[in-house]
Amino acid sequence: MTNNNDKRYIISTGASAKAKKWTPVELTHGELISLLTKHTMGQKDGEAFVPGKLTGDGRRSNSNVQELHALVLDIDDGTPTEELVAKVKESGYEAVIHTTHSHLIDTSAIRKEAVDRHRERHPEDGDAELLTKLKGFRPEIVEDATVIEPKGVEDKNGKVGTELVFKHGPCPKHRVAFPLVEPFTVGEDRKAAAQLWEDFRAGLLKQLGLTGDKQTDDLSRLYYFPRHAEGKVYD
């Protein structure tokens, strides 16, 4: 990971999460840092990026990822900003840290069937323990958690279900982007590359002493540029 102003990075940008076309953009080190530190006001869905070069027909898919130029972590467990910054500084790696659109949110929704399964297997768990295990929150975020309401939802396949909404303490949420010294080249064996990338990511989280979201093997994962809702705290 580097601070070389002569280095070039490639990211691929799209107008929203549903964009059909993702365009590779070459950036200097300064331009990349500027993009990842400029917070704008707006709704969550909007301009986004894949931290690498997409080829082919421009669709956002694993098969079109040629290179990755940054490793991005979402830290959504409630780690305070000061603690996160200290851990990254201690590592010696260069990174950009910013709060995400859901920073300090104090409610979380979980599918009712997932809650029911957990309670059947772990009847001893209260709401705090359930949220810690299913959502990965730090204990101090959910110590006074409680269910406030059910709500009907429809998934992307049109299946209707119910979510339970939990009230808890304000939860800090951050995104951490590490520019890479050299691009990660995917190559022809996509499955092997995806596993290697996930191992790299998991190893970095372990080194930092952090808990990240479950990314699995999505090489083409998108990330929103820094945005916040009107009147909301951001950093």
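Since this is a predicted model, take the numbers as computed values, not measurements. (Residues numbered from 1 in each chain as written. Predicted model: local features only at pLDDT ≥ 70, side-chain atom pairs only at ≥ 80, totals over all residues. Heavy atoms only, no water.)

Draft legend 1. Spotlight on helix H1 (residues 29-37). Looking only at H1, the buried set comprises His29, Leu32, Ile33 and Leu36. Projected down its long axis, H1 carries its buried residues within an arc of 95°, all on one side. Lining the buried residues of H1 we find strand S1 (8-14), strand S2 (23-28), strand S4 (48-50), strand S7 (96-99) and strand S11 (174-185). (Buried < 20%, exposed > 50% of the residue type's maximum accessible area, 1.4 Å probe, protein only. Helix = DSSP H or I, 4+ residues; strand = E, 2+ residues; numbered from the N terminus. Arc of directions from axis to C-beta. Contact = heavy atoms within 4.5 Å.)

Draft legend 2. Expanded view of the pairing of strand S10 (residues 160-171). Sheet topology places strand S8 (residues 105-111) next to S10; 6 bridges connect them, and they run antiparallel. The residue of S10 that forms the bridge with isoleucine 105 is cysteine 171. (Pairing = 2+ DSSP bridges.)

Draft legend 3. Highlighting the sheet that holds S11. Judged by pairing direction, the sheet is antiparallel, and its 4 strands sit side by side in the order S5-S6-S11-S7 without closing on themselves. Across the chains shown, the open sheet's two edge strands, defined by having one partner strand only, are strand S5 (52-54) and S7. The mean angle between the axes of side-by-side strands here comes to 35°, regardless of whether they run parallel or antiparallel. As paired elements, strand S6 (residues 65-75) and S11 share 8 bridges and run antiparallel to each other. Looking at S11, one finds that leucine 68 is bridged to phenylalanine 184. Together, S6, S7 and S11 form the strand contacts of helix H2 (residues 81-91), whose direction differs from that of S11 by roughly 20°. Each of S6 and S11 is contacted by helix H6 (residues 190-208), which is oriented at about 30° to S6, the strand it contacts most. (Axes fitted to C-alpha atoms, helices over the stretch in contact; angles between N-to-C directions.)

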